[in-house]
Amino acid sequence: MKSILPNAVFDERPLFSGLRVLDIASFIAGPTATTVLSDFGAEVVKVEAPGMGDPYRHTYLSPPNPSSKENYAWQLTNRNKRSLVVDLKNPHSAEVLARLVKWADVLVTNFPPRVRQRLGLNYEDVSLLNPRLIYADITGYGEVGPEADKPGYDTTAYWARSGLMHVTRQASSPPALPVPGIGDHATAISLYAGIVSGLYRRERTGKGCNVRTSLIANGVWATAMWLQAALQGAKFSHEIDRRRPPNALFNSYRSQDSRWILLAFVQEDKNWPVFARAIERSDMLSDPRFADAERRHANSGALVAEIDRVFGGHPLAHWRSVLDAAHLPYGAVQVWDEIVKDPQLLANHILVPIAEGGGVTMTVDSPVVIKESPKVAPRTAPALGEHTDEVLEELGFDAAQIDELRAAGAIPHAPQSSRLHE
């Protein structure tokens, strides 16, 4: 295990070659941040508990997640890593943790503050062992306050608590359940940014630091435009009803083949006449109800009814052609089968092939791109405890010491298996 390489060879190797990352996190946000580091060549050791390991290994089996024999969730979030199984609650594991901390450049954890305190895993504890360590922690609701130890998931802390669930629904409809992981993946990029900022600080000062973020902070950041409005006493519209929206030109419409199209005319006065002519309804330009933005907003229900009739007369393919030809801003609401074949995603390497992936051939790349520092080809995610002995040996434990750890119950008695399709 080599230390981070000198600056002179950065252009010849992946950006984070030699960067050593200790992933003591579970589920999605924390592990995803270490995955982004691994995409740029960092060496990541994932620490898991004996038995079931990271509970996220089994999440793909739970509804409403799509049914599959392949563990798609684990592959996405834990590619490129090595799995070390050790019971951090066992007092005999203290030396393992100490050596891991001394080995690492970066440590990522999502344990609640009280659990970190119990395990001796606070920044104050581990920084004594490694003053250059970048310690990155993530919580649901922040480090302090009455809910610091409250369990938080992206649906509860990022979506519900921040207000996102309130505004991303139709009037009088209950909040819709978002795709799991949306808030986690966004938060992971914030944590990655914190880690990289911490590494830059270390380059300038020679000292490590504690970087942190939370699901709720990122959910609030996602709603920040309207939340800032609330902070300044702005007046909000009532619950949004697509049949009578505040703005009919920022609204969704159904095509003849029951596909949805989202119009997003941010420059309304510029886009409106172009749109009316493109859909062959120039007559609406002389309709006094729609003469200007103020009147279009006041008569949005009537305008929606007109546009509904127009869009309902042709399939999605027709409207794609019409709106593209007019250079109008819109989005076709794609379904999964279309997204995985989207030529724009493939052309920009947003969907990428897996190296030696067995039955799994493609995955979603992390969204950060550095043109001059290509990423490594994504590799298969590890089985539970697949690299336990290998990592311990590299940390300096000999065969007798590893046997002692097994006898004490600090590590499993035999390598465990949790393959992607189990």
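Residues numbered from 1 in each chain as written. Predicted model: local features only at pLDDT ≥ 70, side-chain atom pairs only at ≥ 80, totals over all residues. Heavy atoms only, no water.

Residues of helix 11 (residues 268-278) that are buried: E268, N271, W272, F275 and A276. One face of helix 11 carries all of its buried residues, which in axial projection span an arc of 130 degrees. For helix 11, the exposed residues lying more than 90 degrees away from the buried face are K270 and R277. Contact partners of the buried residues in helix 11: strand 8 (260-263), helix 12 (293-298), helix 13 (300-311) and helix 14 (316-325). (Buried < 20%, exposed > 50% of the residue type's maximum accessible area, 1.4 Å probe, protein only. Helix = DSSP H or I, 4+ residues; strand = E, 2+ residues; numbered from the N terminus. Arc of directions from axis to C-beta. Contact = heavy atoms within 4.5 Å.)

Before going further, it helps to examine helix 8 (residues 182-205). Counted at 1.5 Å a residue, the expected span for helix 8 with its 24 residues is 34 Å, and the 35 Å between its end C-alpha atoms agrees. Within the span of helix 8, buried status applies to G183, D184, T187, A188, L191, Y192, G194, I195, G198, L199 and R202. Buried residues along helix 8 sit against helix 1 (29-39), strand 4 (106-109), strand 5 (134-139), helix 6 (154-160), strand 6 (209-214) and helix 9 (215-222). Of the residues one or two after helix 8, G206 is the one with positive phi, at around 80 degrees. (Expected span 1.5 Å × (residues − 1).)

The next thing to look at is the pattern of salt bridges. Summed over all chains, the structure comprises 32 salt bridges. With a closest N to O distance of 2.9 Å, E95 and R99 form a salt bridge. Of this pair, E95 and R99 both sit in helix 3 (residues 94-103), 4 residues apart, which is roughly one turn of that helix. Among the ionic pairs, R309 bridges to E306, the shortest N-O distance being 3.1 Å. Of this pair, R309 and E306 are both found in helix 13, 3 residues apart, which corresponds to roughly one turn of the helix. For R309, a relative accessible area of 55% translates into the label exposed. In this structure, a network of salt bridges that share partners links the residues R281, D283, D287, R289, E306 and R309. (Salt bridge = Lys/Arg side-chain N within 4 Å of Asp/Glu carboxyl O.)

What follows covers the sheet that holds strand 7 (residues 252-254). On the basis of which strands lie adjacent, the open sheet formed by 3 strands has the order 7-8-9 and antiparallel pairing. Each edge of the open sheet is held by one strand with a lone partner, namely strand 7 and strand 9 (330-332). Within the sheet, the average angular offset between the axes of one strand and its neighbour, ignoring direction, is 25 degrees. Of the strands in this sheet, strand 7 and strand 8 are in contact with helix 13, which crosses strand 7 at around 40 degrees. Where helix 14 meets the sheet, its contacts fall on strand 8 and strand 9, and the angle it forms with strand 9 comes to roughly 155 degrees. (Pairing = 2+ DSSP bridges. Axes fitted to C-alpha atoms, helices over the stretch in contact; angles between N-to-C directions.)

What follows covers the sheet that holds strand 6. The strand order 3-2-1-4-5-6 describes an open sheet built from 6 strands, whose pairing is parallel. Looking at the sheet topology across the chains shown, the edges are occupied by strand 3 (82-85) and strand 6. Pairs of neighbouring strands in the sheet enclose a mean axial angle of 20 degrees, with direction left out of account. Each of strand 1 (20-24), strand 2 (43-48), strand 3 and strand 4 is contacted by helix 3, which is oriented at about 140 degrees to strand 1, the strand it contacts most.

Under the definition given, this model contains 12 aromatic pairs. Aromatic pair Y60 and Y72: ring centres 6.0 Å apart, planes at 80 degrees, arrangement edge-to-face. Of this pair, Y60 sits in the loop between strand 2 and helix 2 (72-78) while Y72 sits in helix 2, and the two are 12 residues apart along the sequence. For Y60, a relative accessible area of 2% puts it in the buried group. Look at Y72 and you get partly exposed, because its relative accessible area is 31%. Taking 6.4 Å as the distance between ring centres and 75 degrees as the angle between the ring planes, the aromatic pair formed by W272 and F290 counts as edge-to-face. Remark: F290 occurs in the loop between helix 11 and helix 12 and W272 occurs in helix 11; sequence separation between them is 18 residues. Among the residues examined, W272 registers a relative accessible area of 4% and is labelled buried. On the basis of relative accessible area, F290 is assigned to the buried category, the value being 0%. By the ring-pair criterion, three or more aromatic residues cluster together here, those being Y253, F265, F275, F311 and W319. In this arrangement the basic side chain of K150 is found over the ring face of Y141, its NZ or CZ atom lying 5.2 Å from the centre. (Phe/Tyr/Trp six-rings, centres within 6.5 Å; stacked < 30°, edge-to-face > 60°. Lys NZ or Arg CZ within 6 Å of the ring centre and 35° of its normal.)

What follows concerns the nonpolar core. With 29 residues, the main nonpolar core has I24, V47, L84, L100, L107 and L392 as its most contacted residues. Of all the secondary-structure elements, those providing two or more residues to this core are strand 1, strand 2, helix 3, helix 4 (113-119), helix 5 (123-129), helix 17 (388-394) and helix 18 (399-407). In this structure L84 touches V45, K46, V47, E48, L100, T388, V391 and L392, once residues within four positions along its chain are discounted. Residues V44, V106, Y141 and L199 belong to the second largest nonpolar core, which totals 28 residues. (Core = buried A, V, L, I, M, F, W, Y, C linked by side-chain atoms within 4.5 Å.)

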